[in-house]
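Okay, here's what each chain looks like letter by letter:
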Amino acid sequence: MPIVNESLIDSRIDIIGPAFHRHITMLPKLSTLDAIRDSFAWDVPARYNIGVDICDRWADRTPDAPAIFDVADGGGATTYSFADLRDLSNQLANALRPNLQRGDRVAVLLPQCVETAAAHIAIAKLGCVALPLFTLFGPDALLHRLRDSGTRALITNAAGAKTLATLRASLPALDIILSVDGQTDHADDLHALCQAQSSEFAAVETHADDPAILIYTSGTTGAPKGALHAHRVLLGHLPGVEMSHDFFPQPGDRIWTPADWAWIGGLLDVLMPALHHGVPVVACRFEKFTAKAAFDLIRTHGIRNAFLPPTALKMMRLDPPDAPVPMRSVASGGETLGRELITWGQQVFGTTINEFYGQTECNMIVSSCAALKPAEPGVMGFSVPGHDVEIIENGRICAVDEEGDIAVRAPDPVMFLEYWNNPDATAAKFIEVSGQKWLLTGDKGCKTPTGRIRFIGRDDDIISSGGYRIGPAEIEDCLLTHPAVQMAGVVGKPDALRGSVVAAYVQLVDGQTPSDALASDIAAYVKARLAAYEYPRVVRFIHDMPLTTTGKIIRADLRLRAEKEAEDEQ
């Protein structure tokens, strides 16, 4: 956890019980990033439990303080206090305890709601391992994760229970399914079971390095792998969350994200860090995300902080509000933001969108922070205090502006323990440089003269064309500024002369009609704004961009299209 020299700031000190540790939040009186970094030190306690940290300690101090604002479909919100959250999670832990052992995997297949938060807290208190699952997952995706993990219990709703009924025969380890929607033919009634239980529960004493969360990768570069995280992963996230939200928390903060809490970006970038800091979280289940619904939610419920993934921002930019919607902080991660989105965000939100970077295995390690330094569009940000991030190539650390692998020095509190049941993949994730162990993110980047890190692309996303190495992100950012383009994915198309050419797959805004003339106009638009070798020589119009459940473009699907097209042309 972040510890800052007390002589440099007006300290706010929280004592988190005798079994925990002292936490001093980074505050803006340390006016430079270098000062914060130099004064930073980790203090991860030997014994630490996420569930106790984000719930029970606040329920003991300020039991009536709001923890979750659960927004119903009609727009009204039910307020749940930290005491409510403690009681529900304790009852759930008591209901599950007779059938589970420490270390068992317990899946959570729910949208954003109070039961999702309570389930994660209960699982942590039990000493079990939480498996977050997207409600958008189909049967095959669910089967892979549940079978690979050997999940013993699952908490879901009526829709999830119905889907699981068709898979149950293939999941011999799955003993318990509880539904928040009541008793069904396929699940037991979670609330009825909880009401029969005591609201007192003594949490299992866990160590900071004990397994706590198993999150599967999105599968953009192969079969999804289970990244196993320890309880300390939450502590490792805190500096990045604090930095990306301009010194979070501040008085009056209230946070929301449209990102599902099954994604590491929703669970460990928003829900758990906010509850750790005692900041209330708005839970909202959009049947379908729209810009209007998002802006209305922010206004209606006084949301001051938000994590908005790039896809959400792009949709909101295409349907702007009638008047600005002021916010204290907006963070985004998952794809590089361009100048267009940064400028638009300043106009609409009255704040600069802070871009951050990480991945399921090692998240929140790079971030911008407009409260410290102005944004540099197209550049992710600085390494977050507490994380040593470098560019490595051919067994050495690269010089400024030299392209290489983005790597994080181990050990690091935010770093995963291992890939579940996959020691070979775990070993391949790390290299040794000059006697030090580094985690390879699988992304290419470079350090800029200002000390920031520029994202170039995933190793398999880099396009080699006529001797140039081209990253797709900058081209996609440029394409999004064209008035006809709603979404764009850029990949390399095999070419006999150049090796590959840049191919852009474009989804148009409503009202635009695909044509050869429009394709030429889009290509010329990029050529006039970027390097001549970067413009798309191929522009294809598609109706539905292939996206992961977290809203990232699946470039692997686009590459297959490009390769098939090249084969058909031969």
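Residues numbered from 1 in each chain as written. Predicted model: local features only at pLDDT ≥ 70, side-chain atom pairs only at ≥ 80, totals over all residues. Heavy atoms only, no water.

A.B. asks: Tell me what's going on with the overall build of the protein, and back it up with residues and numbers.
C.D. replies: Along the protein, the regular secondary structure elements total 16 helices and 32 strands. Over its C-alpha trace the protein gives a radius of gyration of 23 Å, about what one expects of a compact globule, namely 25 Å for 570 residues. When its C-alpha atoms are laid out on the principal axes, the protein stretches across 70 × 60 × 55 Å. Out of the 570 residues belonging to the protein, those deemed buried represent 59%. Residue pairs in contact within the protein that sit at least 24 positions apart in sequence constitute 66% of those at least 6 positions apart. By element, 48% of the accessible surface of the protein is carried by carbon and sulfur atoms, the whole surface being about 22,100 Å². (Helix = DSSP H or I, 4+ residues; strand = E, 2+ residues; numbered from the N terminus. Rg over C-alpha atoms; globule rule 2.2 N^0.38 Å. Buried < 20%, exposed > 50% of the residue type's maximum accessible area, 1.4 Å probe, protein only. Contact = heavy atoms within 4.5 Å. Areas by Shrake-Rupley, 256 points an atom, 1.4 Å probe, with all protein chains shown as cover.)

A.B. asks: With reference to specific residues and values, describe the state of the cysteines.
C.D. replies: On inspection of all chains with the given rule, the structure shows 0 disulfides. Looking at the unpaired Cys-113, the closest cysteine sulfur is the one in Cys-284, lying at 12 Å. Residue class for Cys-113 comes out buried when judged on its relative accessible area of 6%. Unpaired in terms of disulfides, Cys-478 finds its nearest cysteine sulfur in Cys-446, a separation of 18 Å. Of the residues examined, Cys-478 reaches a relative accessible area of 9% and is grouped as buried. (Disulfide = S-S within 2.5 Å.)

A.B. asks: Got a sec to walk through the side chain of Arg-452? Specific residues and values, please.
C.D. replies: Note on placement: Arg-452 falls in the loop between β26 (436-447) and β27 (453-458). A relative accessible area of 8% means that Arg-452 is categorised as buried. From its side chain, Arg-452 meets the backbone oxygen of Pro-374 in a polar contact 2.5 Å long. Leaving out residues up to four positions away in the same chain, Arg-452 has contacts with Lys-373, Pro-374, Ala-375, Glu-376, Val-379, Gly-381, Phe-382, Cys-446 and Lys-447. (Polar contact = N/O pair within 3.5 Å; in protein donor to acceptor, adjacent residues only side chain to side chain.)

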